[in-house]
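# Summary of structural features
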Amino acid sequence: MDLFEYARSTAMADEAPLASRIRPKTLEEVVGQQHIIGKDKLLYRAIKADKLSSIIFYGPPGTGKTTLAKVIANTTSAEFTQINATVAGKKDMEEVVKTAKDHLGMYGKKTILFVDEIHRFNKGQQDYLLPFVEDGTLILIGATTENPYFEVNGALLSRSVIFELYPLEKGDIRTLIERAVYDKERGMGAYNAQIDEDALDFLADIAGGDARSALNAIELGVLTTNRSGDGQIHITLDVASECIQKRVVRYDKTGDNHYDTISAFIKSMRGSDPDAAVYYLARMLYAGESVTFIARRIMICASEDVGNADPQALQVAVAAAQAVERIGMPESQLILAQAVLYVATAPKSNSATTAIGEAMDAVKNSKATIPPYLQDAHYKSAGKLGHGIGYEYAHDFPKHFSRQRYLPEELQDRKFYQTSGNGYEKKIQEYLDWIHEA
């Protein structure tokens, strides 16, 4: 490195964003992700022993993928190089491979290649890396916000260990914010700033597990807020709200407001009010509610309150739940809105809820036995016990219907399923009426 390059790198380090400057340098400084870097976990042991194989970090933005790669860079004896798949081309990869071969041949040192946003590489670019990962020229560390099973070649996946990173917990974000405000070496401590407790709570919550988002807000707040009469910079709730461009919404995910909002959301879908339902959806999304939690509630409502009046509602809800897990925010709000509007405007029936409730009650309060002709007759000697004898195979009868009865004798007169007469259940009722007449 020449003098100008050294000066440039030094200046870039000094001017780097707070989220980059405060990035941990050792495993002990890393906050969160204990499910993969706890002291008894594989990744922790591999980093400490400097015995890494190729790995892929998968998780939402701001959860520590690049941070863990940098920690590895600081601890490994191997050469470490980094490229970003959004801008790197084949020429860049050829240069990395050539240098890696030189280090391996001349010094016996392996090279760790960190590819950020690896899902941005096309199939050809990923295929190019494969033989060098295969023969050990490169140890690959990939980072992606997309599901690697969809975006990364199977051949690379088979040669890598996948570690999924989760959104950071609120307590983890609080720790990072306090470190950023008061750390005088790498944080903003030299500015003599203070953050109010409610502002700290707000930023930790609204960040939604994204450390970078919270740290960027803190940096902006400290740099743009005037000092008070006591000579300190005070990060208040209003400052925090302005810096992260989010209005403060009363929404504690473990408090009454959380339950009030989700209650209003479900009742609006059940009550066939699409405007109210999508409003409460927006309210939850704005406050940073988990999209997977919202999707679960939509699925429950689709079955509990729509049911067989429109069987398609559950399919829409399940498809939405799967889609938001793959896509993430902000696009997931469109998918959730579509599902909410479908469920809210679908014909309603709680027949399934009633049926399973009454059936569970019957099981609890009766000792009914299964009729012998319905019992399993496939095992040896079942016939001697009378099992399966007299069973009528429905498809052997006209219209594929036998008049045989299926409830236990003690429950022959019970009717658990009462259709609502709404939507598709009209057709179901017509079929049931024909059966009853038969």
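Quick look at the structure, then. None of these values were measured; they are calculated from a predicted model.

The next point concerns the overall build of the protein. For the protein, the count of helices and strands is 20 helices and seven strands. Reported as C-alpha extents along the three principal axes, the dimensions of the protein are approximately 95 × 65 × 35 Å. Sequence separation of 24 or more characterises 71% of the internal contacts of the protein that already satisfy a separation of 6 or more. Accessible surface for the protein amounts to roughly 24,300 Å². Of this, 52% is attributable to carbon and sulfur atoms.

Let us look at the pairing of strand β1 (residues 55-58). Alternating positions in β1 separate into two faces, Ile-55 and Phe-57 on one and Ile-56 and Tyr-58 on the other, with burial throughout. As judged from the four bridges shared by β1 and strand β4 (residues 138-144), these two strands associate in the parallel manner. Paired with Ile-55 across the strands is Ile-141, a residue of β4. Note: β1 against strand β5 (residues 161-164), four bridges, orientation parallel. Residue Tyr-58 lies in a different strand from β5, and its bridge partner there is Glu-164.

All right, on to the nonpolar core then. The biggest cluster of nonpolar side chains holds 32 residues, and the ones touching the most others in it are Ile-173, Ile-177, Ile-195, Leu-203, Ile-218 and Val-222. Elements supplying a minimum of two residues to this core: α2 (18-21), α10 (170-182), β6 (193-195), α11 (197-206), α12 (211-224), β7 (233-235) and α13 (237-243). Contact partners of Ile-177, with chain neighbours within four places excluded, come to Ile-195, Leu-200, Leu-203, Ala-204, Ala-214 and Ile-218. Counting 30 residues, the second largest nonpolar core, distinct from the first, contains Phe-265, Ala-277, Val-306 and Leu-336.

To continue, consider the side chain of Thr-225. Residue placement: Thr-225 occurs in the loop between α12 and β7. Classification of Thr-225 by relative accessible area gives buried; the value is 19%. A distance of 2.5 Å separates a polar atom in the side chain of Thr-225 from the backbone oxygen of Gly-221. Ignoring sequence-local partners within four residues, the contact set of Thr-225 consists of Ile-233, His-234, Ile-235 and Val-239.

Our next topic: the packing of helix α15 (residues 274-286) against helix α18 (residues 332-345). At a minimum axis separation of 9 Å, α15 and α18 run at an interaxial angle of 150°. Taken together, the axes of α15 and α18 lie roughly antiparallel to each other. Note on packing geometry: the crossing formed by α15 with α18 is right-handed. Along the contact surface, α15 presents Pro-274, Ala-277, Val-278, Leu-281 and Leu-285, while α18 presents Gln-333, Leu-336, Ala-337, Val-340, Leu-341, Ala-344 and Thr-345. Looking at the contact of α15 with α18, its residues break down into 10 nonpolar, two polar and no charged.

A few words now on the packing of helix α6 (residues 90-107) against helix α7 (residues 123-134). Direction vectors running N to C along α6 and α7 enclose 5°, while the axes themselves pass 11 Å from each other. The angle between α6 and α7 places the two elements in the roughly parallel class. Taken together, the residues of α7 that come into contact with α6 (itself represented by Lys-90, Met-93, Glu-94, Val-97 and Lys-101) are Gln-125, Tyr-128, Leu-129 and Phe-132. Split by residue class, the contact of α6 with α7 holds five nonpolar, one polar and three charged.

Below, the discussion takes up the sheet that holds β5. Strands sit in the order β2-β3-β4-β1-β5 across an open sheet of five strands; the sheet is parallel. Taken across any chain shown, the strands that pair with only one partner, and hence form the sheet edges, are β2 (79-84) and β5. Looking at each pair of strands side by side, their axes are set apart by 15° on average, direction ignored. Set on the sheet, helix α5 (residues 65-75) makes contact with β1, β2, β3 (111-116) and β4; between it and β1 the angle comes to about 145°. Strand contacts of α7: β3 and β4, with the helix running at about 135° to β4, the strand carrying the most contacts.

This part covers the packing of aromatic side chains. This model, assessed by the stated rule, comprises three aromatic pairs. Ring plane angle 70° and centroid distance 5.0 Å describe the contact between Tyr-279 and Tyr-280, whose orientation is recorded as edge-to-face. The partly exposed category is assigned to Tyr-279, whose relative accessible area is 45%. The ring of Phe-150 has Arg-326 sitting right over it, with the charged end atom 3.8 Å from the ring centre.

Conventions and cut-offs
- Residues numbered from 1 in each chain as written.
- Predicted model: local features only at pLDDT ≥ 70, side-chain atom pairs only at ≥ 80, totals over all residues.
- Heavy atoms only, no water.
- Helix = DSSP H or I, 4+ residues; strand = E, 2+ residues; numbered from the N terminus.
- Contact = heavy atoms within 4.5 Å.
- Areas by Shrake-Rupley, 256 points an atom, 1.4 Å probe, with all protein chains shown as cover.
- Buried < 20%, exposed > 50% of the residue type's maximum accessible area, 1.4 Å probe, protein only.
- Pairing = 2+ DSSP bridges.
- Core = buried A, V, L, I, M, F, W, Y, C linked by side-chain atoms within 4.5 Å.
- Polar contact = N/O pair within 3.5 Å; in protein donor to acceptor, adjacent residues only side chain to side chain.
- Axes fitted to C-alpha atoms, helices over the stretch in contact; angles between N-to-C directions.
- Parallel < 35°, antiparallel > 145°, perpendicular 65-115°, else oblique.
- Left-handed = near helix turned anticlockwise from the far one by under 90°.
- Nonpolar A, V, L, I, M, F, W, Y, C, P; charged D, E, K, R; others polar.
- Phe/Tyr/Trp six-rings, centres within 6.5 Å; stacked < 30°, edge-to-face > 60°.
- Lys NZ or Arg CZ within 6 Å of the ring centre and 35° of its normal.

Coordinates in, geometry out; function isn't part of it.
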